[in-house]
Amino acid sequence: MALYNKLQQVMDDRNVEGYIDLIHDDAQIIFHKSGSRFSKSEWASMVTGMMQNPKFVSDASRCVYENNEILVAHNFMSYPDDTKEAVMLVCMLKDGQIISMETGATPLS
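Below is a summary of the structure that appears in this document. Along each chain, residues carry numbers from 1 onward, in the same order as the chain's sequence is written. pLDDT decides what is reported in this predicted model: residues at 70 or higher carry local features, side-chain atom pairs at 80 or more are listed and counted, and totals for whole chains, interfaces and linings draw on all residues regardless. With hydrogens and water excluded, all non-hydrogen atoms of the structure serve as input to the side-chain values.

**Here we look at the pairing of strand 3 (residues 57–66)**
The line we're drawing: For two strands to count as paired, DSSP must find a minimum of two bridges between them. Secondary structure elements follow DSSP: runs of H or I no shorter than four residues count as helices, runs of E no shorter than two count as strands, and numbering proceeds from the N terminus.
As judged from the eight bridges shared by strand 3 and strand 4 (residues 70–78), these two strands associate in the antiparallel manner. Residue pairing across strands places V57 opposite S78, the latter belonging to strand 4. Linking two consecutive strands that pair antiparallel, namely strand 3 and strand 4, is a turn of three residues.

Structural data, given as structure tokens:
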């Protein structure tokens with residue numbers, strides 16, 4: 001199964017452990033808008049909170065491109081503060097896991 005499909009399944013199931021298993025131990029997560037960087041353990045803490053909140057929702061998602069080295073996806077997300085964003089996700093892959101993840105988001109009215 002492609003990593004994109006695995007990522008979507010754990011997100012749909014709100015399976016935090018499954019999600020974290022897709023992240024490489026040396027991963028770095030980068031928020032394009034703020035420039036903030038997070039380690040796997042820091043990201044795991046944030047993802048746990050997000051997945052536990054029913055108002056954090058992926059409204060739609062599609063895989064733009066994926067091979068053994070990179071995954072590019074586009075998502076429409078809804079957040080607990082009732083905002084929505086279009087989110088571009090770019091993941092560099094290593095050993096079948098995400099070693100680097102960067103998001104770029106555009107607020108939607």
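**Observations concerning unusual backbone geometry**
Here R14, not a glycine, exhibits a phi torsion of approximately 55°, which is positive. The residue R14 is located in the loop between helix 1 (3–13) and helix 2 (16–21) in this model.

**Quick notes on the layout of surface pockets**
Where we set the bar: Here a cavity is any set of points on a 1 Å grid over the protein atoms alone where a 1.4 Å probe fits but cannot get out, and a pocket is any open set with protein on both sides within 12 Å along at least 5 of 7 lines; a residue lines the site when it has an atom within 4 Å of a point. Grid points are joined across faces, edges and corners, and a volume is the space filled by probe spheres set on the points. Residues are grouped as follows: nonpolar covers Ala, Val, Leu, Ile, Met, Phe, Trp, Tyr, Cys and Pro; charged covers Asp, Glu, Lys and Arg; every other residue, Gly included, is treated as polar.
The calculated volume of the largest pocket comes to roughly 630 Å³. Lining the largest pocket are 30 residues, and of these W43, F56, Y79, V87 and T103 lie nearest its centre. Elements represented by at least two residues in the lining of the largest pocket include exactly helix 1, helix 3 (40–52), strand 4, strand 5 (84–94) and strand 6 (97–108). The residue inventory of the lining of the largest pocket, partitioned by class, reads 17 nonpolar, ten polar and three charged.

**Some thoughts on the pattern of salt bridges**
Here is the rule: In the sections that follow, a salt bridge refers to a side-chain nitrogen of Lys or Arg positioned within 4 Å of a carboxyl oxygen of Asp or Glu. The rule is simple: take the accessible area with a 1.4 Å probe, protein chains only, and divide by the maximum for that residue type; under 20% is buried, over 50% is exposed, in between is partly exposed.
Scanning all chains against the criterion turns up three salt bridges. A salt bridge links K84 to D59, with the nearest nitrogen and oxygen atoms 3.8 Å apart. Separated by 25 residues along the polypeptide, K84 in strand 5 and D59 in strand 3 bring together distant segments of the chain. On the basis of relative accessibility, which here comes to 42%, the residue D59 falls in the partly exposed class.

**Things to note about the pairing of strand 4**
Of all nine residues in strand 4, seven are buried, a share of seventy percent or more. By the bridge criterion, nine bridges tie strand 4 to strand 5 in an arrangement that is antiparallel. Opposite N75, over in strand 5, you have V87 as the bridge partner. Where strand 4 folds back on strand 5, the antiparallel hairpin that results is connected by five residues, among which D82 adopts a positive phi of roughly 70°.

**Observations regarding helix 3**
Stated precisely, the cut-off is as follows: Expected helix span is taken as 1.5 Å per residue step, with the number of steps being one fewer than the number of residues. Throughout, the arc means that of the directions going from the helix axis to the C-beta atoms. Whether two residues are in contact is decided by their heavy atoms: any pair within 4.5 Å suffices.
Its 13 residues give helix 3 an end-to-end C-alpha distance of 18 Å, which sits within 8% of 18 Å, the value for a rise of 1.5 Å per residue. For helix 3, every residue scored as buried is listed here: K40, W43, A44, V47 and M51. Summarising the axial view, the buried residues of helix 3 lie within an arc of 105°, below the 170-degree limit, and thus occupy one face. Residues S41, S45 and Q52 are exposed on helix 3 and point more than 90 degrees away from its buried face. In this fold, the buried residues of helix 3 make contact with helix 1, helix 2, strand 1 (23–31), strand 2 (37–39) and strand 6.

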